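Coordinates in review
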Amino acid sequence: MSVPAVWVIGIFWIGYGILGILGIQNIPERYKYRSWTPDYMRANGIGMVILGVSWVILGIVLRLRPMPVLPGFGLAVVFSLPALGYAFYADRKTREERRQADKEWRETKKK
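Residues numbered from 1 in each chain as written. Predicted model: local features only at pLDDT ≥ 70, side-chain atom pairs only at ≥ 80, totals over all residues. Heavy atoms only, no water.

**What to know about the side chain of Ser80**
Defined as follows: The way it works is that DSSP assigns letters per residue, a run of H or I at least four long becomes a helix, a run of E at least two long becomes a strand, and they are numbered from the N terminus. By the criterion applied in these results, polar contacts are pairs of N or O atoms within 3.5 Å in which, for protein atoms, one can donate a hydrogen and the other can accept it, and in which residues neighboring in sequence qualify only through two side-chain atoms. The contact criterion used throughout is that any non-hydrogen atoms of two residues lie within 4.5 Å.
Along the chain, Ser80 turns up in helix 3 (residues 69-110). A polar side-chain atom of Ser80 sits 2.9 Å from a polar atom in the side chain of Trp55. In this structure, Ser80 is in contact with Leu51 and Trp55, ignoring residues within four places of it in sequence.

Given below as structure tokens:
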């Protein structure tokens, strides 16, 4: 795994996460214009920032101690675990609202 590629991916996710925190994010149409949409976008943005920071730190670690590809991928998974944990937490916060929005979306598409 190339260190510059890890840094580019990390910086991309940090930038897209900051846009999500600011409310500028591409989300499904059925989730737009709801009362909980800003919280949903903010939670997604925070998760992406956590993932991006983790990958930038991973890039630093790989720069200091180069590894073969397979252990590097394993380390990438380990460094992504905080973002995964936050994603489960954020998912639980908006799960019911998203289910309701999905149900309404399917009903409008049937008509």
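Once you've had a look at it, read on.
**Things to note about the UniProt feature "transmembrane region" (unreviewed entry) in the protein**
Here is the rule we go by: UniProt positions are given in the numbering used here, feature names are shortened, and annotations may be inferred rather than shown by experiment.
Following the UniProt record, one finds the feature "transmembrane region" (unreviewed entry) at residues 6-24, 45-64 and 70-89. Here residues 6-24 is 84% helix and 0% strand, with 24 Å between the C-alpha atoms at its ends. Within residues 70-89, the helical portion is 100% and the strand portion 0%, while the C-alpha atoms at the span's ends are 29 Å from each other.

**Quick word on helix 1 (residues 3-21)**
How we decide: To estimate the expected span of a helix, count its residues, drop one, and scale the result by 1.5 Å. Only protein chains enter the calculation, and the probe is 1.4 Å; a residue is then buried if its accessible area is under 20% of its type maximum, exposed if over 50%, and partly exposed in between. Here the arc refers to the set of directions running from the helix axis out to each C-beta atom.
Between its first and last C-alpha atoms helix 1 spans 27 Å; for 19 residues at 1.5 Å apiece the expected length is 27 Å, and the two agree. When helix 1 is considered as a whole, its buried residues turn out to be Val3, Val6, Gly10, Gly17 and Gly20. Angular distribution of buried residues about the axis of helix 1 spans 110°; they occupy a single face of the element. Turned more than 90 degrees away from the buried face of helix 1 sit Pro4, Val8 and Ile11, all of them exposed. Next to the buried residues of helix 1 lie helix 2 (37-64).

**Thoughts on the pattern of salt bridges**
For clarity, the threshold we go by: By definition here, a salt bridge exists when the distance from a side-chain nitrogen of Lys or Arg to a carboxyl oxygen of Asp or Glu is within 4 Å.
Counted according to the given criterion, the structure contains six salt bridges. For Glu29, the salt bridge is made with Lys32, and the minimal N-O distance between the two is 3.7 Å. The exposure class assigned to Glu29 is partly exposed, which follows from its relative accessible area of 44%. What you see here is one network of salt bridges that share partners, running through Asp91, Arg95 and Arg98.

**Quick word on the packing of aromatic side chains**
Under the convention used in this document: Each Phe, Tyr or Trp ring (for Trp, its six-membered ring) is paired with any other whose centre lies within 6.5 Å, and the angle between the two planes then decides the class: stacked below 30 degrees, edge-to-face above 60, tilted in between. Two thresholds decide whether a charge sits over a ring: the Lys NZ or Arg CZ must be within 6 Å of the ring centre and within 35 degrees of the ring normal.
Tallied over the full model, the rule gives seven aromatic pairs. An angle of 90° between the planes, with centres 5.8 Å apart, marks the rings of Trp36 and Tyr40 as edge-to-face. On the accessibility criterion, Trp36 (11% relative accessible area) is buried. Put simply, the rings of Phe12, Trp13 and Tyr16 pair up and form one aromatic cluster. In this arrangement the basic side chain of Arg30 is found over the ring face of Tyr31, its NZ or CZ atom lying 5.3 Å from the centre.

**Looking at the nonpolar core**
We count it as follows: Only buried residues count toward a nonpolar core, which is a set of Ala, Val, Leu, Ile, Met, Phe, Trp, Tyr and Cys residues joined through side-chain atoms within 4.5 Å.
Membership of the largest hydrophobic core is limited to eight residues, which are Val3, Val6, Trp55, Leu58, Leu62, Leu75, Ala76 and Phe79. Within the residue set of this core, elements represented by two or more residues are helix 1, helix 2 and helix 3. For Trp55, the residues in contact, after removing those within four places along its chain, are Val6, Ile9, Gly10, Ala76 and Ser80. Membership of the second largest hydrophobic core comes to six residues, among which are Ile27, Tyr31, Tyr40 and Met41.

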